[in-house]
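# Residue-level structural notes
Listed here are the chains, written in short residue letters.
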2 protein chains.
Amino acid sequence: MTVKILIVGFGNVGQGLAELLVEKERMLREKYKTDVQVVGIVTRHWGAIVDEHGLALSRVLASVLAGKGFAHSGYDLQSQTTAELIENLDYDVLIELTITDLNNGEPATQYIRLALERGRSVITTNKGPIALHLKELETLAKTHHAVLKYEGTVMSGTPVLNLIEHNLAGLEIRKIEGIVNGSSNYILTRMEEGLEYDDAVKEARELGYLEADASADLDGWDAVAKVMILAGVAFGVTLKVDEVQRRGIAGLTRREVEDALGQNKVWRQVVELERGEQEGCLRAAKAGLRLLGNGHPLAQIKGAGNGLVIYTDVMPLITVSGPGAGRRETGYAVLNDLLSICTEQC
Amino acid sequence: MTVKILIVGFGNVGQGLAELLVEKERMLREKYKTDVQVVGIVTRHWGAIVDEHGLALSRVLASVLAGKGFAHSGYDLQSQTTAELIENLDYDVLIELTITDLNNGEPATQYIRLALERGRSVITTNKGPIALHLKELETLAKTHHAVLKYEGTVMSGTPVLNLIEHNLAGLEIRKIEGIVNGSSNYILTRMEEGLEYDDAVKEARELGYLEADASADLDGWDAVAKVMILAGVAFGVTLKVDEVQRRGIAGLTRREVEDALGQNKVWRQVVELERGEQEGCLRAAKAGLRLLGNGHPLAQIKGAGNGLVIYTDVMPLITVSGPGAGRRETGYAVLNDLLSICTEQC
């Protein structure tokens with residue numbers, strides 16, 4: 001079957017997704033009987049292009065990667081606004097990849113609402129709408145017989161949210177601990193190798209590991225958003241930003257890192273969620289800085305990697321680790337969500 | 001909805017499953033709208049009991065745990081054979097939990113065939129039929145619009161097979177490395193702590209970690225079966241037993257273990273599968289003994305734990321670790337498969 005998608009936002013993740021769609025076109029058709037057509041791409045900086053029969057992605061990518069935006073893509077720019085395109089174009093799934101805003105989740109949340117209200121399924125990698133409005137959006141999706149997927153909001157394409165929802169069905173999750181901010185972890189690992197905090201931050205920035213607003217990583221805001229998302233997915237609990245205890249890695253000195261190593265311990269930025277006594281309550285919701293003994297599964301997560309430890313009633317402890325970011329890795333999260341929508345609905 | 005299940009084999013795993021069904025009855029009804037009725041339990045030693053309206057599991061468990069078989073269960077023993085019950089009883093899902101036989105996969109394979117031919121779905125934790133006959137059984141299931149699930153055959157309830165099938169959809173798996181035999185790993189870990197091989201084996205036996213035929217664990221046969229299962233699930237390749245290189249931990253001395261530690265390495269029984277150039281071929285299929293550096297993700301797996309490292313084209317490396325065995329852990333694998341059948345089919 002053919003699935004028509006509309007992509008809103010075409011930065012790293014959108015481009016990574018487009019590359020995967022080009023590379024895997026044949027495999028998707030043969031193995032999953034799925035023909036993905038990108039009927040529109042909407043961006044803030046370059047405008048919007050559409051083709052109801054599917055854009056020629058290789059040409060679009062070449063134009064973008066040459067720094068020409070859509071100018072060399074061979075398509076005319078559209079005059080409609082993003083909202084108008086979401087409301088009027090003929091597509092099956094909206095892929096929402098705009099920049100995260102943790103204050104109000106806009107404009108992404110509005111885009112997602114518009115698509116769901118039309119009965120269109122939505123995939124997003126945007127932490128804002130999921131951290132702030134998950135319950136509302138899931139209800140909206142249900143009402144309109146649509147599906148909302150967001151695997152890429154936590155640990156990129158490393159399967160954790162779908163794992164919690166499907167593969168751990170029937171278990172009672174008691175606690176989750178995780179390293180979910182790759183750039184913090186990269187900086188900590190480099191400090192363990194002898195770098196000063198400032199030099200490690202500089203290196204992480206040069207490698208593209210830090211968000212445009214570095215405070216999101218260094219002060220723990222990104223980890224806070226992921227705590228809010230995990231609270232919703234694993235415990236059905238809606239948290240406000242100020243209900244999550246927060247401490248980022250900013251301010252940690254090389255001396256403190258070395259002292260920890262001397263005791264066979266490591267500093268890690270660890271998120272922590274623990275089920276409370278009452279349904280719908282958490283005993284703990286933290287994005288903090290912790291000193292972990294070498295035996296802790298998360299102490300082994302080095303560099304920009306991410307990891308999650310899930311404690312449940314029957315299975316004492318399950319650990320999943322893998323990439324936490326990356327254009328292709330997060331692009332893959334979208335592709336996986338897309339295949340799961342196609343399998344469920346088609 | 002009500003799902004009627006017939007359980008064949010009621011050892012540790014069957015009893016673990018039954019306990020979970022009792023404990024989680026209300027949750028299954030409320031959260032998953034699923035009412036599980038066990039309409040029959042068939043065993044080699046205690047005979048068979050049935051109740052078309054669902055057996056009183058607590059009473060059956062009490063009788064079994066008191067060492068009385070089904071004598072105090074309040075049900076009359078049936079005179080039909082296992083095959084007759086599989087062919088004649090009214091049920092939706094056959095839960096096949098008999099003892100693994102790696103030579104021919106019997107009698108389990110025959111039981112599974114009978115159920116699938118009736119269009120009934122099947123869940124098994126039995127490595128024999130899946131290692132030896134996966135392709136045939138999957139074709140049979142497809143032909144009869146039934147589902148075959150077998151998460152519990154590798155790493156008990158730690159979700160790896162379903163993860164490979166669903167959560168990594170669209171990825172090309174290049175290589176898999178894993179520790180999939182918990183008892184070997186337990187023995188190696190204890191030898192690292194100073195025990196001689198024989199003492200560590202004795203301890204593992206006392207803890208119930210070793211299979212009745214200890215050679216399955218110590219000589220690597222159990223790991224070979226899991227290589228064969230992973231070859232089918234991850235690469236679509238059917239392997240014969242003698243196509244898997246095998247070396248178990250038997251014969252390893254404490255001296256060798258200590259020498260490894262002195263070089264910051266550890267001995268691990270590692271399974272290894274690597275995609276070949278041609279579709280349907282593997283470059284490597286091993287259940288061997290390897291010296292791992294401390295940085296290898298599998299070097300961190302201690303005690304009876306299991307872990308799998310999956311290398312793919314887009315996501316470089318994903319690691320999953322968790323329990324590899326246990327009555328409740330493997331019972332949970334069955335419960336998870338059951339919920340996924342109910343979600344897909346109902």
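Procedures and definitions
Residues numbered from 1 in each chain as written. Chains lettered and ligands numbered in written order. Predicted model: local features only at pLDDT ≥ 70, side-chain atom pairs only at ≥ 80, totals over all residues. Helix = DSSP H or I, 4+ residues; strand = E, 2+ residues; numbered from the N terminus. Rg over C-alpha atoms; globule rule 2.2 N^0.38 Å. Buried ≥ 20, exposed ≤ 12 C-beta atoms within 10 Å, placed from the backbone. Contact = placed C-beta atoms within 7 Å. Core = buried A, V, L, I, M, F, W, Y, C linked by C-beta atoms within 7 Å. Axes fitted to C-alpha atoms, helices over the stretch in contact; angles between N-to-C directions. Parallel < 35°, antiparallel > 145°, perpendicular 65-115°, else oblique. Left-handed = near helix turned anticlockwise from the far one by under 90°. Nonpolar A, V, L, I, M, F, W, Y, C, P; charged D, E, K, R; others polar. Pairing = 2+ DSSP bridges. Right-handed = clockwise from strand over helix to strand, strands pointing away. pLDDT = per-residue confidence, 0-100.

### What about the overall build of chain A?
When its secondary structure is counted, chain A shows 13 helices and 12 strands. In summary, chain A has a C-alpha radius of gyration of 20 Å against a globular reference of 20 Å for 346 residues, a match within 12%. Overall, the C-alpha framework of chain A stretches about 60 × 45 × 40 Å when taken along its three principal axes. Across the 346 residues of chain A, 56% fall into the buried class. Residue pairs at least 24 apart in sequence account for 71% of intrachain contacts in chain A once pairs closer than 6 positions are excluded.

### Let's talk about unusual backbone geometry
For the bond from A:Glu106 to A:Pro107, the omega torsion is 0 degrees, close enough to zero to count as cis. By the secondary structure assignment, A:Pro107 is in the loop between strand E4 (93–96) and helix H5 (108–117). In this structure, A:Lys33 is a non-glycine residue whose phi angle is positive, near 50 degrees. Relative to the helices and strands, A:Lys33 resides in the loop between helix H2 (25–32) and strand E2 (35–42). According to the C-beta neighbour criterion, A:Lys33 is exposed, with 11 such atoms within 10 Å. With a phi close to 55 degrees, B:His145 is a non-glycine residue in the positive phi region. Note that B:His145 resides in the loop between helix H6 (127–143) and strand E6 (148–149).

### Quick look at the nonpolar core
A:Leu6, A:Val227, A:Ala231, B:Leu6, B:Val227 and B:Ala231 are the most contacted members of the largest nonpolar core, which has 242 residues in total. If we skip the residues at most four places from it in the chain, A:Val227 touches A:Leu239, A:Val244, A:Val271, A:Leu273, A:Ala285 and A:Ala287.

### So, the packing of helix H6 (residues 127–143) of chain A against helix H11 (residues 221–235) of chain A
Residues and elements named next belong to chain A. Between H6 and H11, the shortest axis-to-axis distance is 9 Å and the interhelical angle comes to 40 degrees. One finds that H6 runs oblique with respect to H11. As H6 packs across H11, the resulting crossing turns out to be left-handed. For the pair H6 and H11, the contacting residues are Lys-127, Ile-130, Ala-131, Leu-134 and Lys-135 in the first and Ala-225, Lys-226, Met-228, Ile-229 and Gly-232 in the second. Class assignment for the residues of the contact of H6 with H11 results in six nonpolar, one polar and three charged.

### Notes on the pairing of E4(A)
Residues and elements named next belong to chain A. Along E4, one buried face is formed by Val-93 and Ile-95 and the opposite face, lined by Leu-94 and Glu-96, is buried too. As paired elements, strand E1 (residues 2–8) and E4 share four bridges and run parallel to each other. Across the sheet, Ile-5 pairs through a bridge with Val-93, a residue of E4. Of the strand pairs in this sheet, E4 and strand E5 (residues 121–124) are connected by four bridges, and their pairing is parallel. Bridging across to E5, Ile-95 finds its partner in Ile-123. Since E4 and E5 lie parallel, the crossover through H5 that links them has a hand, and here it is right-handed.

### Looking at the confidence of the model for chain A
Per-residue confidence for chain A averages 95 on the pLDDT scale, and 99% of its residues sit at or above 70. Both scores are available for the predicted complex, with the pTM at 0.95 and the ipTM at 0.94.

### Looking at the environment of B:Gly157
Relative to the helices and strands, B:Gly157 is located in the loop between E6 and helix H7 (161–167). Residues B:Gly157 and B:Thr189, spaced 32 residues apart in sequence, show a C-alpha to C-alpha distance of 22 Å. When residues no more than four places from it in sequence are discounted, the contact partners of B:Gly157 are A:Val314, A:Met315, B:Gly152, B:Pro323, B:Glu329, B:Thr330, B:Tyr332, B:Ala333 and B:Asn336.

### Describing the sheet that holds strand E4 (residues 93–96) of chain B
Residue and element names in this part refer to chain B. On the basis of which strands lie adjacent, the open sheet formed by six strands has the order E3-E2-E1-E4-E5-E6 and mixed pairing. Two strands in the sheet have a free side with no partner beyond their single neighbour: strand E3 (48–50) and E6. Here two bridges tie strand E5 (residues 121–124) to E6, and the two strands are oriented parallel to one another. Paired with Ile-123 across the bridge in E6 is Lys-149.

### Quick look at the sheet that holds strand E10 (residues 282–293) of chain B
Spatially, the 12 strands line up as an open sheet ordered E8(A)-E10(A)-E9(A)-E7(A)-E11(A)-E12(A)-E12(B)-E11(B)-E7(B)-E9(B)-E10(B)-E8(B), and their pairing is mixed. Only two strands of the sheet have a single partner each, and these edge strands are strand E8 (245–246) of chain A together with strand E8 (245–246) of chain B. Where E8(B) lies against E10(B), two bridges are found, and the strand directions are parallel. Paired with B:Gln245 across the two strands is B:Lys286, which belongs to E10(B).

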